[in-house]
There are 2 protein chains.
Amino acid sequence: MTDKKILRIVPIGGLGEVGKNMTLYEYGNDILMVDAGIMFPENDMIGIDYIIPDYEDYLKDKKHRVRGIIFTHGHEDHIGAIQHILEEINAPIYATKLTRGLVEVKLNRYGLTHKADLHTIKAGDRVQIGSFTVDFFHVCHSIPDAVGLGIDSPAGLVVHTGDYKFDHTPVDNWPTDYAKLAEFAERGVMALLADSTNATEPGWTQSERVIDDALDEVFEKAEGRILVATFASLISRMQQVANAAERHGRKIAFTGRSMVDNMNMARELGYVDFPERLVISLEKSLSMPDNQVVLMATGSQGEPRSIMGRLASGTNRKFDLRESDTIVLSSHTIPGNEESVYRTINNLFRRGAEVVYESIAPVHVSGHASQEEMKLLLHLVRPQHLIPMHGELRMLKQHARLAEEVGMPKDKIAVVENGQVIEFVDGELQLRERIPGGYIFVDGSGVGSVDRSIVQERESLGQDGIMVVNVVVSKDNGHLKSKPEILTRGFMLPAELDPIMDGLNSQIQQTVDKSNGNLYNEVLRSVKSYLYQETKRNPFIFVTINQV
Amino acid sequence: MTDKKILRIVPIGGLGEVGKNMTLYEYGNDILMVDAGIMFPENDMIGIDYIIPDYEDYLKDKKHRVRGIIFTHGHEDHIGAIQHILEEINAPIYATKLTRGLVEVKLNRYGLTHKADLHTIKAGDRVQIGSFTVDFFHVCHSIPDAVGLGIDSPAGLVVHTGDYKFDHTPVDNWPTDYAKLAEFAERGVMALLADSTNATEPGWTQSERVIDDALDEVFEKAEGRILVATFASLISRMQQVANAAERHGRKIAFTGRSMVDNMNMARELGYVDFPERLVISLEKSLSMPDNQVVLMATGSQGEPRSIMGRLASGTNRKFDLRESDTIVLSSHTIPGNEESVYRTINNLFRRGAEVVYESIAPVHVSGHASQEEMKLLLHLVRPQHLIPMHGELRMLKQHARLAEEVGMPKDKIAVVENGQVIEFVDGELQLRERIPGGYIFVDGSGVGSVDRSIVQERESLGQDGIMVVNVVVSKDNGHLKSKPEILTRGFMLPAELDPIMDGLNSQIQQTVDKSNGNLYNEVLRSVKSYLYQETKRNPFIFVTINQV
């Protein structure tokens, strides 16, 4: 038996973006976990709060072999599952200072900080984690202090970009580390695992810097208050808005728990730099002249319970929208949220505010590389293999096309989906089994107490509403003891339902009278067919039979 | 009393796009209805098939005053409600030849053709309808034979664009009628009601002609079959695809009832021109070599029950997807459908097909004017007033901004929503009452048997699922006669539910034993609070109490 050198790579999750929330690297007895984030539910995943990658299945008998957990940056889709992971896996956690800060804000909320073995690393560091030698290198993204990874093992060097773009004029003046990428190329890169999010976007992603000009234009025109909505984790946007406030003689107030927590943490760690006099409390801001105030809040995705959502519906508690307010939605609409974001925008307009959003002014730019940057990355890293990551299948396919355009052989590109086990055996790429599993739904207090089948039940419940038919039958003579009790919800308006109720009652009575003994099924079927015949609808029907 | 000349304009509908589905013009005793279309439901309007404008409320006592119904073009959002309207209103219908053809295809399906008093008009015609003198003028749109209207009455001239764009090289070589617009300007236009759909799009909408080049590129690369998905009403796209088939030596087959019906009608009326030998049956196409075939089908919105949806899920009846197939989605994704369209694209890729869609190649262009065209329209028509139409509020606001940029005074622009009654009194714009009403939901066989409240019930049913608690209590001693019967759906997995069932049963028993007489409410409340305490979830709960 020869001693083959084998590196296994497993992107974990369901049909979501490949390797976005978690990727495992395995060499010999050592496993390295990169990211542990959450996915947001799709529109038809009714009642689901968020989704975590189903790592349980693959790791069930090898959790003790996890030597480390690396977070590439502090966004929820990369760190959001940490509180679940910590219950099962107790490996050292590696993150840059800001990312660690964001992880700690989260762990504090769950009272779990003591359980975590946190290690601060910085871009440029090299750390040995089990069999892996990991080089951390700086990348630009829509959050400061993001890193990509050079993951070396006896099987070969893999470059894992995480989320990245090549911004030449980033807000923190810290560009992506081109030199390190070139150095990897010198060493020889067996495989590149790279972000595909913007694979369908031509050109080069705009620099975060253009937002400054767009903000200036908004600030010049605004006559009343300015409210800027963005993600709580968009630390660099806080700095940009604060700078604009300073330039235009306004004070800034932050509102919403996660935004305030993150701002305080980033300020403490030095990732934002505000003069003391610039930041005021929300309460203070409400008593100042409108044209001297900027508010920053969450709710850029139109979430009904966020501050922006509540302002749009007129149900915010601490303050109301004013007609002279200018609202800036400084973030990208997450695919699937278009309807709720646009509904929120329309409602804000309806209440008299001015609204500035991505379609009409560059108040947000993407944090991900576009096509020309992807090509540059390929030329810088010169990988033997490409595994497009972080994207829906259609984006991965497009990333693969781009790689072919710049000259990569088709057979060196592997478009895979979550759960697909990839092995590099002495430098050769081989696709292995696809592990089952996928999503774990988190809902209310429950992790995993709801699965796809329950979500589908929920969807079907909503489709045509439901009807409960409660029947009391005499044990003595087999006839109804009383008129059936019929309850409905989400089915039809009472005025439309009433005309068919007599028919429904006598239908049930006849069914009971002619029963062959299987009352439950007979009643269910006759109610179902009667309703379909009369209404062309199929509500979900519950039948309860009480024989007394 | 002076004799004021008053024109009333009422865009009808709910919170949807203003005047998109129906606009009423009223002068003296005469009412003119422009368009009668349907709206597609939003994602949270569960179980709704489509929505018609609530014209009932405004017209209830004046249906007999409707002197005519004009259809500007043959898309569903402008003609789709005709079968409902005809039951109530029997006025002459005016439409161009193709639009009339599409209306007739629809009426035939409902057996209603005999009820309709159809009049064919053509661009350039002038028709007297009650007090209104209507000039029909040609506009380019994503369907041939579309018209805009010059609606003259003693109160003044109104230009109503309908959906339009200024395509210099349309597929049918028939550009928008600039001369007529200029002629209106000469006569003096009191008000312009204009399409705002693309008010947030800078520049000029691309010509339909660019699709030819994009199709050529697809046809050159494709090694197997080509399947083109689009709307059944996109008549000009049929011609473009057929031309590409001819150029590249392929035959074309149409599949899907509405697509075949529309194609046959358009062919009969001369709106498409295919050589006899070019068009083959679906059956024929399935037995030909893959590289000699193009199929055209519906399903470009990812509808699960459409042919594309079924191909993507592997459940199509007549034929399956093949690995060498190239799929072209030649249509715009309707806002709100992004998730289902992208899911379909991903599934098609997953099954091995190549997929070409709007984000990666110009296989579709918008049928609506962009910002520079909107400005051109304003300069051509030189209206005294602008009422932005056809768009969400955010688009209307942007259209108003553009008009201000080209010099229109702010007080001559009225951004209104559906139901807002507008009056021009001796040429002065005045906003009157806002009429109630909005949507009428159509669901299964029912028109209006479901309203917002029922749709909200459906949404809440899905949220956490439901539980039915059926209790039999002894009349004699007030105690339970048997263990409560508990049914759930969409709530939790049985394995997660089982551990709390004993607790729930004894909770119910205690509640019954300690009852103060209002058993229904007492049981409901105790079950609700027990479930929330144990699961942090709020399923919808039905309680049935049987006292025997």
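Reading the values: the criteria
Residues numbered from 1 in each chain as written. Chains lettered and ligands numbered in written order. Predicted model: local features only at pLDDT ≥ 70, side-chain atom pairs only at ≥ 80, totals over all residues. Heavy atoms only, no water. Helix = DSSP H or I, 4+ residues; strand = E, 2+ residues; numbered from the N terminus. Buried < 20%, exposed > 50% of the residue type's maximum accessible area, 1.4 Å probe, protein only. Contact = heavy atoms within 4.5 Å. Lys, Arg positive; Asp, Glu negative; His and termini not counted. Charge placed at Lys NZ, Arg CZ, Asp CG, Glu CD. Salt bridge = Lys/Arg side-chain N within 4 Å of Asp/Glu carboxyl O. Least-squares fit on C-alpha atoms with pLDDT ≥ 70 in both. Pairing = 2+ DSSP bridges. Domains from an automatic or database assignment. Phe/Tyr/Trp six-rings, centres within 6.5 Å; stacked < 30°, edge-to-face > 60°. Lys NZ or Arg CZ within 6 Å of the ring centre and 35° of its normal. Axes fitted to C-alpha atoms, helices over the stretch in contact; angles between N-to-C directions. Expected span 1.5 Å × (residues − 1). Buried area = accessible area lost by both parts, 1.4 Å probe. Polar contact = N/O pair within 3.5 Å; in protein donor to acceptor, adjacent residues only side chain to side chain. Arc of directions from axis to C-beta.

Novice: Is there a simple way to think about the overall build of chain A in this case?
Specialist: Of the regular secondary structure elements, chain A holds 16 helices and 25 strands. A burial count over chain A gives 61% of its 548 residues as buried. Contacts in chain A between residues far apart in sequence, at least 24 positions, make up 72% of those at least 6 positions apart. In chain A, 58 side chains carry a positive charge and 76 a negative one; their mean positions are 2 Å apart.

Novice: Honestly, the pattern of salt bridges in this entry has me stumped. Any pointers?
Specialist: A pair can form between side chains of opposite charge whenever their charged atoms are brought close. Residue and element names in this part refer to chain A. Within this structure, the stated rule accounts for 74 salt bridges over all chains. Arginine 237 serves as the salt-bridge partner of glutamate 208, at 2.9 Å between the closest nitrogen and oxygen. With glutamate 208 in the loop between β12 (191-195) and α6 (210-221) and arginine 237 in helix α7 (residues 235-247), this pair connects stretches of sequence that are 29 residues apart. For arginine 237, a relative accessible area of 0% gives the class buried. As a salt-bridge pair, arginine 257 and aspartate 261 come within 3.8 Å of each other at their nearest N and O atoms. With a gap of 4 residues between them, arginine 257 and aspartate 261 both fall in helix α8 (residues 257-268), about one helical turn apart. A residue is classified by how much of its surface remains accessible, and arginine 257, at 56% relative accessible area, is exposed.

Novice: Is there a simple way to think about the relation of the copies chain A and chain B in this case?
Specialist: Between the two copies of the chain lies a rotation about an axis combined with a shift along it. In the superposition of chain A on chain B (RMSD 0.1 Å, axial shift 0.0 Å), the rotation amounts to 180°. What the rotation and shift describe, once combined, is the action of a two-fold rotation axis. Within chain A, the C-alpha atom positioned nearest to the axis of rotation is that of glycine 462 of chain A, 2.7 Å from it. Both copies present the same face, since 100% of the interface residues in chain A are matched by interface residues at the equivalent positions in chain B.

Novice: Please clarify how the pairing of strand β8 (residues 126-129) of chain A should be interpreted in this entry.
Specialist: For a regular strand, side-chain orientation follows a simple rule: the groups alternate between the two sheet faces. All names here are of chain A. What you see with β8 is a clean split: Val127 and Ile129 sit on the buried side and Arg126 and Gln128 on the side with no burial. The pairing of β8 with strand β9 (residues 132-139) spans 4 bridges and is classified as antiparallel. Each residue of the ladder has a partner; that of isoleucine 129, found in β9, is phenylalanine 132.

Novice: I would appreciate a short explanation of the domain arrangement of chain A in the present structure.
Specialist: By a widespread convention, an interface's size corresponds to the accessible area lost as its parts come together. Split into domains, chain A comes out as domain 1 (6-203 + 366-447), domain 2 (210-357) and domain 3 (465-547). Once you take the C-alpha centre of each, domain 2 of chain A and domain 3 of chain A turn out to be 54 Å apart.

Novice: Explain the packing of aromatic side chains to me, please; I cannot follow it from the model alone.
Specialist: For any pair of aromatic rings, the description consists of the separation of the ring centres together with the inter-plane angle of the planes. Applying the stated criterion to the full structure yields 12 aromatic pairs over all chains. Seen from their ring centres, phenylalanine 166 of chain A and tryptophan 204 of chain A are 6.3 Å apart, and the 35° between their planes marks the pair as tilted. With phenylalanine 166 of chain A in the loop between β11 (156-160) and α5 (178-187) and tryptophan 204 of chain A in the loop between β12 and α6, this residue pair connects regions lying 38 residues apart in the sequence. Relative accessible area serves as the criterion here: at 35%, tryptophan 204 of chain A is assigned to the partly exposed category. Three or more aromatic residues link up through ring pairs in this structure, and these residues are Tyr164, Phe166, Tyr178 and Trp204 of chain A. When the ring centre of tyrosine 342 of chain A is taken as origin, the NZ or CZ atom of arginine 394 of chain B, which lies over that ring, is 3.4 Å away.

Novice: How should the sheet that holds β8 of chain A be read in this particular structure?
Specialist: Strand pairs in the sheet, formed through backbone hydrogen bonds, run parallel or antiparallel to each other. Residues and elements named next belong to chain A. Spatial ordering of the open sheet is given by β8-β9-β10-β11-β12-β18, a layout of 6 strands whose pairing is mixed. Two strands close off the open sheet at either side, each with one partner strand: β8 and β18 (385-389). Here the strands of the sheet are splayed against their neighbours by 20° on average, with no regard to which way each runs. Sheet topology note: the β12/β18 ladder contains 5 bridges and is parallel. Along β18, the bridge assignment pairs leucine 192 with leucine 386. Against the sheet, α5 touches β8, β9, β10 (146-153) and β11, its axis set at about 145° to β9. Contacts from helix α13 (residues 393-405) reach β12 and β18, with the element oriented near 150° to β18.

Novice: Looking at this structure, I do not really get the side chain of lysine 63 of chain A. What am I missing?
Specialist: Looking at the secondary structure, you find lysine 63 of chain A in the loop between α1 (55-59) and β5 (66-70). Ignoring anything within four residues of it in the chain, the contact list for lysine 63 of chain A reads Glu56, Glu88 and Ile89 of chain A.

Novice: It is not clear to me how helix α4 (residues 97-110) of chain B should be interpreted in this structure. Could you clarify?
Specialist: Given 3.6 residues to a turn, an α-helix orients residues that are three or four positions apart in the same direction. All names here are of chain B. A rise of 1.5 Å per residue sets the reference length of α4, with its 14 residues, at 20 Å; its end C-alpha atoms lie 20 Å apart and thus fit the reference within 8%. Turning to α4, its buried residues are Leu98, Thr99, Gly101, Leu102, Val103, Val105, Lys106 and Leu107. Its buried side turned inward, α4 meets α2 (76-79), α3 (82-85), β6 (93-95), β7 (118-120), α7 (235-247) and α8 (257-269).

Novice: Is there a simple way to think about the interface of chain A and chain B in this case?
Specialist: With 70 residues of chain A in contact, the opposing surface of chain B contributes 70 residues. Both faces combined, the contact of chain A with chain B buries some 6,100 Å², and carbon together with sulfur accounts for 53% of it. Together, Glu339, Arg394 and Arg489 of chain A form the three largest contributors to the area buried by chain A at its contact with chain B, with a combined 11%. Here chain A is connected to chain B by 6 salt bridges. A salt bridge links arginine 350 of chain A to glutamate 417 of chain B, with the shortest nitrogen-to-oxygen separation between them at 2.6 Å. Here chain A is connected to chain B by 23 residue pairs in polar contact (both at pLDDT 80 or more). Counting only elements with at least two residues in the side of chain A that touches chain B, the list comes to α11 (338-350), β17 (354-356), α13, α14 (452-464), β23 (466-473), β24 (485-489) and β25 (540-547) of chain A.

Novice: Looking at this structure, I do not really get the sheet that holds strand β22 (residues 446-447) of chain A. What am I missing?
Specialist: All names here are of chain A. With respect to topology, 3 strands assemble into an open sheet ordered β4-β21-β22, the strand pairing being antiparallel. Looking at the sheet topology across the chains shown, the edges are occupied by β4 (50-53) and β22. Note that strand β21 (residues 439-443) and β22 share 2 bridges and pair antiparallel. Across the sheet, residue aspartate 443 finds its bridge partner in β22, namely glycine 446.

Novice: Whenever I open this one, the side chain of serine 331 of chain A confuses me. Can you help?
Specialist: All names here are of chain A. Locating serine 331 in the fold gives a position in the loop between β16 (326-329) and α11. Polar contacts involving the side chain of serine 331 include one to the side chain of serine 300, which spans 2.8 Å. Those residues in contact with serine 331 that lie beyond four places of it in its chain are Thr230, Phe231, Ser300, Gln301, Glu358 and His364.

Novice: I'm lost on helix α16 (residues 519-535) of chain B in this one. Help?
Specialist: All names here are of chain B. Over its 17 residues, α16 extends 24 Å from the first C-alpha to the last, a length consistent with the 24 Å expected when each residue adds 1.5 Å. Among all positions in α16, only Leu519, Glu522, Val523, Ser526, Val527, Tyr530, Leu531 and Thr535 are buried. In a view along the axis of α16, the buried residues occupy a sector of 150°, so they form one face of it. Of the exposed residues in α16, those oriented more than 90 degrees away from the buried face are Arg525 and Gln533. In this structure, the buried residues of α16 make contact with β24 (466-473), α15 (494-513) and β26 (540-547). Backbone geometry just downstream of α16 places lysine 536 in the positive-phi region, at approximately 55°.

Novice: How should I be thinking about unusual backbone geometry in this particular structure?
Specialist: Excluding glycine, most residues fall at negative phi; most peptide bonds, likewise, are trans. Residues and elements named next belong to chain A. Residue asparagine 173 is not a glycine yet carries a positive backbone phi of 60°. Inspection of the secondary structure puts asparagine 173 in the loop between β11 and α5. Overall, the relative accessible area of 59% leaves asparagine 173 in the exposed class. Here lysine 536, not a glycine, exhibits a phi torsion of approximately 60°, which is positive. With respect to the helices, strands and loops of the structure, lysine 536 is situated in the loop between α16 (519-535) and β25. Given the relative accessible area of 43%, lysine 536 is considered partly exposed.

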